[in-house]
Every structure is written in structure tokens, then in C-alpha cells.
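Coordinate inspection notes
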Amino acid sequence: MSARVIDCVAIANEIKEEIKKEVEALKGKGIIPGIATLLVGDNFGARMYRGQVEKFCGEVGFNYVNANPAADATEADVMGIVKELNEDEKVSGILPLRPFPEQISDTVVINSIDVNKDIDCFHPYNMGKLALGETTFPPATPAACIEILEREGVDFTGAEIVVVGHSNIVGKPAMLLALNRNATTTNVHIFTAQAGNSDKHTTGADILIVGAGVPNLIKKHQVKAGAIVVDVGINRVKVLDEKGEPVLNDKGKPKTKTVGDVAFDEVCEVASAITPVPGGVGAVTNMMLMKNALKACKIQHRID
Ligand code: NAD
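Below or above, wherever it landed, is the structure these notes cover. (Residues numbered from 1 in each chain as written. Predicted model: local features only at pLDDT ≥ 70, side-chain atom pairs only at ≥ 80, totals over all residues. Heavy atoms only, no water.)

**Describing the sheet that holds strand S1 (residues 4-5)**
By definition, the strands of a sheet pair up through backbone hydrogen bonds, in either a parallel or an antiparallel sense. Selection criterion: Here, any two strands with at least 2 DSSP bridges between them count as paired. Strands are runs of DSSP state E lasting at least two residues, helices are runs of H or I lasting at least four, and both sets are numbered from the N terminus onward.
Spatially, 6 strands are ordered S1-S11-S8-S7-S5-S6 in an open sheet, and the strand pairing comes out parallel. Looking at the sheet topology across the chains shown, the edges are occupied by S1 and strand S6 (184-188). As judged from the 2 bridges shared by strand S8 (residues 228-231) and strand S11 (residues 273-274), these two strands associate in the parallel manner. For Val 229, the partnering residue across the bridge sits in S11 and is Ile 274.

Right, here's the structure in full:
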């Protein structure tokens, strides 16, 4: 079997067009959705993500606000900024970009964000609603996994879904989103692996969602024939030659590439469909965030 590679970029573009249409309709009512990112200092990864969010806001026609206090800002300073963003009608959604400097508590900042502007579902109130199966802002990355599967025509009812990874931003909410769709869900995590029990679960999966942050963790023998595999992992690894030696670039430094958590080539031999890395879940994740901001805007303006 050779798995079909799911075109996640096409799915992301489809969602983007749907959002743009809705934004146009809102503009006709004098309403423009907007996202504010909150970056304290200039952490490299967070800065890169900030730039992407700004770019996507531009592409779908959202307002964008860059809240970026200096790295030595106090918690009180940051709380003051969150309060302003909570009250700012131009801001539909607030996205805290972590890590914060050590003097700023993640929990304190997140708990102070208006629950109707919490577009990546960080607030315990929204995570609680997710657990209860109530309408909320589903966290962008696991929501992207579900969206991809739904657009692939997957019926979740009774499906055996195994999620690898149990973080608060990927694994746990992916489990809840699948469970809320009446799938039979199993969670495999580091302690399952340490107990030597991962394979007996992963090999039973009709759908395998993997978000562990371990390059090439999932191998062919761990995947059921015909399974659909969604690879959330984003890992930078060295490019190796046939002898296993690092390939060097023009500057004499090791070349690197991005890979997922699934050993793509060998798993393609058994799976029926698979998401690629790069150009997979990540592309759709960005659009899910935009979708949540649009939803927040409509809630704030009491539009169905
Ligand atoms: P994390 O480090 O917070 O959590 C990793 C999880 O993997 C843990 O729950 C751990 O129990 C589990 N794990 C680790 N080793 C394991 C093993 N050997 N077997 C089974 N489970 C194991 O990471 P995270 O923030 O959840 O991110 C996971 C991956 O997803 C990373 O590669 C990250 O870069 C990627 N990610 C992608 C997107 C996207 O949009 N595509 C968004 C967020 C994170």
C-alpha cells in the first residue's frame, strides 16, 4: 500500500477563502475582526510565530495589534496591557506568545484574558467547556487535526482513535475533540512508552494522531494497515548522508531539515492516508486560529 498524502495546504487555502468571505460580509456591517499577539521580550520562536500571525491577519483582512512590552516588563505592566486588550473593541482575540520572561507567570496572564477573547483555548474556563463538550474555542493545533480528518470525510463515531502525546496544547485537547465526536479514544504518552505498552495501542488505531516532539518516533510496525495518520510533530534534524554522516552546507555547518514524529516513508507503506511534514497540520493550525478569532468577533457582536 502507498498512502495518499493529504494536501493540507489545499485544506488551509480552502479555510482561508471561507474566512475571507465571512470577513467581507462582516465588513459590510462595519465590523472588522482583529487579533492581538502578546509577546513579552523577543524570544526567537515566539517572534517568528508573531510574524506569521501578522501575515495571516493581513491575508484574511483582520486588524492586527502587536503588544510587545520589553523583556524586563513587570507582571503588573503586562496585566495592564491585557486589561487594555480585553477592553479594546478592535481586538476580537488575544494570543499570548510564550515563553514569557521568568518574572511573568503564565497562569496569571492567561487567567486574566477575557474568556471570549481566548482564541487558542488557554484559559481553564474554555478548557473546561471543551471537556464538557460545550461550544468553545478549540485549541488551534488539535482542532486542525480534527478539521483535516473531517474534510477527509472521516466518520468519528465509534472509530478507534489513538493520540500519541498528552500535552495540554496538543494531546489532551485532541483526545477531548475526538471523544466529543463519539470516537473510542486512547492516549499513549511517555509513560505508556516507558512501560513498553505503546505498540499494543497504536496498532489498534483506525486513526493515529501523533504529537510527541520526537523525530521519526512512529514506525511502520506500530501502524495498522489502512490507518489514517496525522503527524503533528515539527522537529529540526540534521541531514545525513548514506553513511550516516552530517551533510554540510556552504558555510561548513550541518544542513538541517524539518521532519515530523512519524517515519514518513516506511509508514506510507502501511497507512491509507497521511499528513506530511512540513506543509501538514501546521498550515491548517494557522487558519484554525483565524477561524477562532472570527468566531470570537461574532460572539462579541452577537452575530450567529
Ligand atoms: P510537549 O513536549 O509539551 O509534549 C510531548 C508529549 O509527547 C508528552 O505528552 C509526552 O508524554 C509525549 N511523548 C514524549 N515522548 C514520547 C514517547 N517516546 N512515546 C510516547 N509519547 C511520548 O510537546 P507539544 O507542545 O505537545 O508538541 C508536540 C509536537 O507537536 C512537537 O514536535 C511540536 O513542535 C509540535 N507542534 C506542532 C504544532 C503544529 O501546528 N503543527 C503546534 C504545536 C506543537
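**Thoughts on helix H7 (residues 171-179)**
Keep this limit in mind: Buried means the residue's accessible area, taken with a 1.4 Å probe over protein chains only, is under 20% of the maximum for its type, while exposed means over 50%, and partly exposed covers the values in between. The contact criterion used is simple: two residues touch if any of their non-hydrogen atoms lie within 4.5 Å.
Most of H7 is tucked away: 7 of the 9 residues are buried. Looking at H7, one finds that the buried residues are Gly 171, Pro 173, Ala 174, Met 175, Leu 176, Leu 177 and Ala 178. For H7, the elements touching its buried residues are helix H5 (124-132), helix H6 (140-151), strand S5 (160-164) and S6.

**Some remarks on the pattern of salt bridges**
Put simply, the test is: The salt bridge criterion pairs a side-chain nitrogen of Lys or Arg with a carboxyl oxygen of Asp or Glu, the two atoms within 4 Å.
According to the stated counting rule, one finds 16 salt bridges in the structure shown. Asp 106 is paired through a salt bridge with Arg 98; the nearest N and O atoms lie 3.1 Å apart. Given a relative accessible area of 31%, Asp 106 falls into the partly exposed group. One salt bridge in this structure joins Glu 147 and Lys 291, with 3.3 Å as the shortest N-O distance. A residue pair is termed long-range when its members are at least 10 positions apart, and Glu 147 in helix H6 and Lys 291 in helix H11 (residues 281-300) qualify at 144 residues. Owing to a relative accessible area of 31%, Lys 291 belongs among the partly exposed residues under this scheme. Through salt bridges with shared partners, a single ionic network connects Glu 14, Glu 18, Glu 147, Arg 151 and Lys 291.

**Comments concerning the site of the ligand**
Let me state the cut-off plainly: Here, proximity means that at least one heavy atom of the residue falls within 4 Å of the molecule or strand. Any pair of nitrogen or oxygen atoms within 3.5 Å is treated as a polar contact; in protein, a donor-acceptor pairing is required on top of that, and neighbouring residues in sequence qualify only through side-chain atoms on both sides. Values of accessible area rely on a 1.4 Å probe in the Shrake-Rupley scheme; residue burial ignores everything except the protein chains shown. We call Asp, Glu, Lys and Arg charged. Ala, Val, Leu, Ile, Met, Phe, Trp, Tyr, Cys and Pro are nonpolar, and the rest, Gly among them, are polar.
Taken together, 22 residues sit near the ligand, with His 166, Ser 167, Ile 190, Ile 234 and Thr 285 positioned nearest. One nitrogen or oxygen atom from the main chain of Val 232 is found 3.4 Å from a nitrogen atom belonging to the ligand. One of the backbone nitrogen or oxygen atoms of Ile 234 is found 3.0 Å away from an oxygen atom of the ligand. Look at the ligand: alone it shows 850 Å² of surface, and the protein chains cover 74% of it. Of all elements in the fold, only helix H8 (190-194) and H11 reach the threshold of two or more residues within the shell around the ligand. For the shell around the ligand, the element with the highest residue contribution is H11, accounting for 3 residues. Broken down by class, the residue content of the shell around the ligand amounts to 11 nonpolar, 11 polar and no charged.

**Overview of the sheet that holds strand S4 (residues 93-97)**
Spelled out, the test is: Axis angles are defined between N-to-C directions and span 0 to 180 degrees, where every axis is a line fitted to C-alpha atoms and, for a helix, only to the segment in contact.
Taken together, 3 strands build an open sheet; the order of strands is S3-S2-S4 and the sheet is parallel. Whereas interior strands pair on both sides, the edge strands pair on one side only; in this sheet they are strand S3 (63-67) and S4. Within this sheet the neighbouring strands show an average axis-to-axis angle of 20°, counted without direction. Sheet analysis places strand S2 (residues 34-39) next to S4, joined by 5 bridges and oriented parallel. Its bridge partner being in S4, Leu 39 is matched across the sheet by Leu 97. Along the sheet face, helix H3 (residues 75-87) touches S2, S3 and S4 and points at about 175° away from the line of S2.

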